[in-house]
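# Observations on chain architecture
Now for the letters of each chain:
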Amino acid sequence: MAIPFITQSQVVVALIIVVVFFGIILILGVRKSYLLKKENERLEKMSTTINDDEEYKDFTDGHMYGGN
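Residues numbered from 1 in each chain as written. Predicted model: local features only at pLDDT ≥ 70, side-chain atom pairs only at ≥ 80, totals over all residues. Heavy atoms only, no water.

With that out of the way, let us pick up the overall build of the protein chain. Secondary structure summary: the protein chain contains one helix and zero strands in total. Burial analysis of the protein chain (68 residues in total) assigns 0% to the buried set. For the protein chain, the accessible surface area stands at approximately 7100 Å², while carbon and sulfur atoms represent 67% of it. (Helix = DSSP H or I, 4+ residues; strand = E, 2+ residues; numbered from the N terminus. Buried < 20%, exposed > 50% of the residue type's maximum accessible area, 1.4 Å probe, protein only. Areas by Shrake-Rupley, 256 points an atom, 1.4 Å probe, with all protein chains shown as cover.)

With that out of the way, let us pick up the packing of aromatic side chains. One pass over the full model with this rule turns up one aromatic pair. On the basis of an interplanar angle of 75 degrees and a centroid distance of 5.3 Å, the ring pair of F21 and F22 is categorised as edge-to-face. For F21, a relative accessible area of 48% gives the class partly exposed. (Phe/Tyr/Trp six-rings, centres within 6.5 Å; stacked < 30°, edge-to-face > 60°.)

Taken together, the side chains of V12, I16, V20, I24 and L28 make up a nonpolar region of the molecular surface, amounting to roughly 440 Å² of accessible area. Here V20 is to be found in helix α1 (residues 8–49). (Patch = residues over 30% accessible without salt bridge, like charges linked within 9 Å, V, L, I, M, F, W, Y side chains within 5 Å. Salt bridge = Lys/Arg side-chain N within 4 Å of Asp/Glu carboxyl O.)

Right, here's the structure in full:
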C-alpha cells in the first residue's frame, strides 16, 4: 500500500486558508466600495454648491491647439 502524500486534514486546512484569504479580500473590497460611494456623495454635494451660472470659457484658444 502506498502512503498518501496529502491527507484529508491537509486538504481541509488548505481550503480553510483559501476561504479565509478570499473572505478578507471580499471584506476589504466591500469596505473600499462603501468608502468610495461615501466620497462620491460628498463630492457631488460639494459640486452643487459651486456657482453654475458662470459663463463657459473656451480653453482651446491657446497656442497648443493652433487656434491663433
